[in-house]
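Listed here are the chains, written in short residue letters.
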Amino acid sequence: MANNDTIAAVATASGRGGIGIIRISGTNTKQISQQLLGSEIPARQACFKLFKANDNSTIDSGLALYFKSPASYTGEDTLELQGHGGPVVLDMLLKRVLALGARLAEPGEFTQRAFLNNKLDLAQAEAVADIIDAGTAAAASSAQRSLQGAFSERINDLQRQLTHLRLYVESAIDFSDEDIDFLAGEELQKIISNLQQAFKTITETAKQGSLLRDGMTVVLAGKPNAGKSSLLNALSQRDTAIVTAVAGTTRDVLKEQIQLDGMPVHIIDTAGLRETSDIIEQEGVKRAKHAISQADQVLLVMDDQESSADDYLSLLNDIPASVPVTIVFNKVDITGTQVGETTSKDGRTIIRLSAKHKDGLNLLTQHLKERMGFNSEEKNVFLARRRHLDALTRSHAFLNDGIVQLLHYQAGEMFAEDLRLAQNALSEITGKMTPDDLLGEIFSSFCIGK
Ligand SMILES: Nc1nc2c(ncn2[C@@H]2O[C@H](COP(=O)(O)OP(=O)(O)OP(=O)(O)O)[C@@H](O)[C@H]2O)c(=O)[nH]1
Ligand SMILES: [Mg+2]
């Protein structure tokens with residue numbers, strides 16, 4: 001990608017504010033700066049300046065900050081103009097900058113240039129967007145750790161261990177008369193078991209990080225009138241869903257977000273599952289089934305008055321086997337059953353509670369936390385994305401294949417090839433081997449000016 005052109009954008013959020021910042025990066029920056037400010041300014045020193053129009057009238061005044069390549073965010077010459085935060089004045093200033101030889105930046109283009117100029121790797125670049133998008137304090141501080149390189153360093157460490165394994169095997173094959181000896185040797189076993197352990201811990205931490213970022217989607221499903229909407233309202237502590245004694249009240253899919261230990265949990269209320277001739281309700285049931293198929297976790301809500309412990313079995317037909325299901329018996333305030341948690345014959349967790357009286361809700365939230373596998377004691381979580389987890393999983397699978405090739409078939413070449421593939425998969429995380437279209441997709445989800 002040719003980076004000879006100069007880009008500019010408003011970097012502050014749109015609307016009115018105390019300060020509005022325009023960022024400029026690229027080869028024309030210095031020349032734009034001279035024409036706009038009337039003189040050259042020193043690097044890395046805030047200078048109070050008038051920002052001048054073509055006819056020498058003043059568009060705005062404020063601080064100008066110049067960074068000389070390569071010591072800048074993008075690695076190129078950059079200029080920041082910190083003027084007044086009004087949409088009109090910023091627009092006038094941006095137009096002037098464009099007229100002086102810049103073009104409008106694409107979303108994420110400043111950070112993309114930083115990545116292409118090796119100022120940060122891809123996982124760090126993604127962390128920049130994740131800090132901006134963070135929905136919770138825990139997500140923001142984990143994203144900050146990723147930006148500081150905590151995640152990338154772990155990936156690079158895995159890469160080094162894989163290289164070490166490859167070199168060890170290659171030299172052992174070269175120098176050993178008895179290949180089998182070294183395959184059974186302690187040294188090789190140790191390298192492999194260290195690698196397995198490293199993959200395990202980094203995947204666990206990345207999982208925690210992706211939970212912090214993306215959270216978990218929990219769908220409330222069950223027969224009409226079981227109390228799904230009441231449970232949504234109780235969990236979200238808001239009167240979101242209409243609750244009535246009429247079976248078939250909810251038709252739309254309703255969403256609320258709550259936080260458990262700083263993790264986002266998306267709770268989805270759905271229409272009660274039943275055969276119906278009402279076309280609106282039919283559509284509701286269709287949407288409910290779709291939501292169920294997309295869930296990370298289903299809470300199957302049953303009315304404790306009319307449900308025997310096995311009653312839910314027929315409802316399970318509407319839930320894909322891959323989606324974990326927890327059974328919630330609601331309305332124990334009516335039946336007098338004890339609030340509590342048990343396990344069903346088929347090994348599912350059963351929670352008894354009263355949504356209406358908010359009794360037993362803590363059991364449910366505790367259970368959800370356990371289901372997410374989130375460890376709030378872990379302070380070193382770095383933010384990760386689903387694509388990172390995918391790459392880690394693929395890489396680990398290649399390593400395991402390679403080990404089988406080596407230990408069972410003594411196939412050194414196949415082993416080396418699998419290790420190469422394992423390393424390539426890891427490189428997708430840090431961006432050394434990431435396809436261009438994926439890069440485009442990642443950066444286009446950034447804000448303009450970042
Ligand atoms: N006593 C008691 N009543 C409850 C409880 N939970 C829900 N109800 C009542 O049960 C009725 C149905 O509750 P909803 O929350 O609308 O049930 P739903 O599963 O969303 O029903 P649909 O939207 O029709 O599928 C309402 O009259 C609620 O007040 C509970 O824990 N105890
Ligand atoms: Mg409802």
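This one's a predicted model, so the numbers in the text were calculated from it and none came from an experiment.

Attention shifts here to the domain arrangement of the protein. A common measure of how large an interface is: the accessible area buried when the components associate. You can read the domains of the protein as domain 1 (7-119), domain 2 (131-211 + 385-431) and domain 3 (221-372). Between the C-alpha centres of domain 1 and domain 2 there is a distance of 42 Å.

The strand order across the open sheet formed by 7 strands is 8-9-7-10-11-13-12, and the pairing between neighbours is mixed. Looking at strand neighbours, the two that pair on one side only are strand 8 (254-260) and strand 12 (340-343), the edges of this open sheet. The mean inter-strand angle of the sheet, taken between neighbouring strand axes irrespective of direction, is 25 degrees. Sheet analysis places strand 8 next to strand 9 (residues 263-269), joined by 7 bridges and oriented antiparallel. Paired with leucine 260 across the bridge in strand 9 is methionine 263. Contacts from helix 12 (residues 361-372) reach strand 7 (216-222), strand 8, strand 9, strand 10 (297-303), strand 11 (325-330), strand 12 and strand 13 (349-352), with the element oriented near 155 degrees to strand 13.

For the rest of this paragraph, the subject is the coordination of the magnesium ion (ligand 2). Summarising the metal site, the magnesium ion (ligand 2) is bound by the protein donors Ser229 (OG) and Thr250 (OG1), whose distances to it range over 2.0 Å. Residue serine 229 is found in helix 9 (residues 228-236), and its partner threonine 250 is found in the loop between helix 9 and strand 8; the two are separated by 21 residues along the sequence. Each member of the pair, serine 229 as well as threonine 250, carries the same accessibility label: buried.

UniProt's entry tags Arg23, Glu80, Lys119 and Lys450 with the feature "binding site: (6S)-5-formyl-5,6,7,8-tetrahydrofolate" (unreviewed entry), counted in the numbering of this structure. With respect to the secondary-structure elements, arginine 23 resides in strand 2 (residues 17-25). Given the relative accessible area of 12%, arginine 23 is considered buried. Apart from residues no more than four positions distant in its own chain, arginine 23 is found in contact with Ile7, Ala8, Ala9, Ala11, Tyr73, Leu79, Glu80, Phe110, Gly449 and Lys450. Assignment of secondary structure puts glutamate 80 in strand 5 (residues 78-85).

The rules we used
Residues numbered from 1 in each chain as written. Chains lettered and ligands numbered in written order. Predicted model: local features only at pLDDT ≥ 70, side-chain atom pairs only at ≥ 80, totals over all residues. Heavy atoms only, no water. Domains from an automatic or database assignment. Pairing = 2+ DSSP bridges. Helix = DSSP H or I, 4+ residues; strand = E, 2+ residues; numbered from the N terminus. Axes fitted to C-alpha atoms, helices over the stretch in contact; angles between N-to-C directions. Contact = heavy atoms within 4.5 Å. Donors = N, O, S within 2.8 Å, 3.2 Å for Na, K, Ca; no water. Buried < 20%, exposed > 50% of the residue type's maximum accessible area, 1.4 Å probe, protein only. UniProt positions renumbered as here; feature names shortened; annotations may be inferred.

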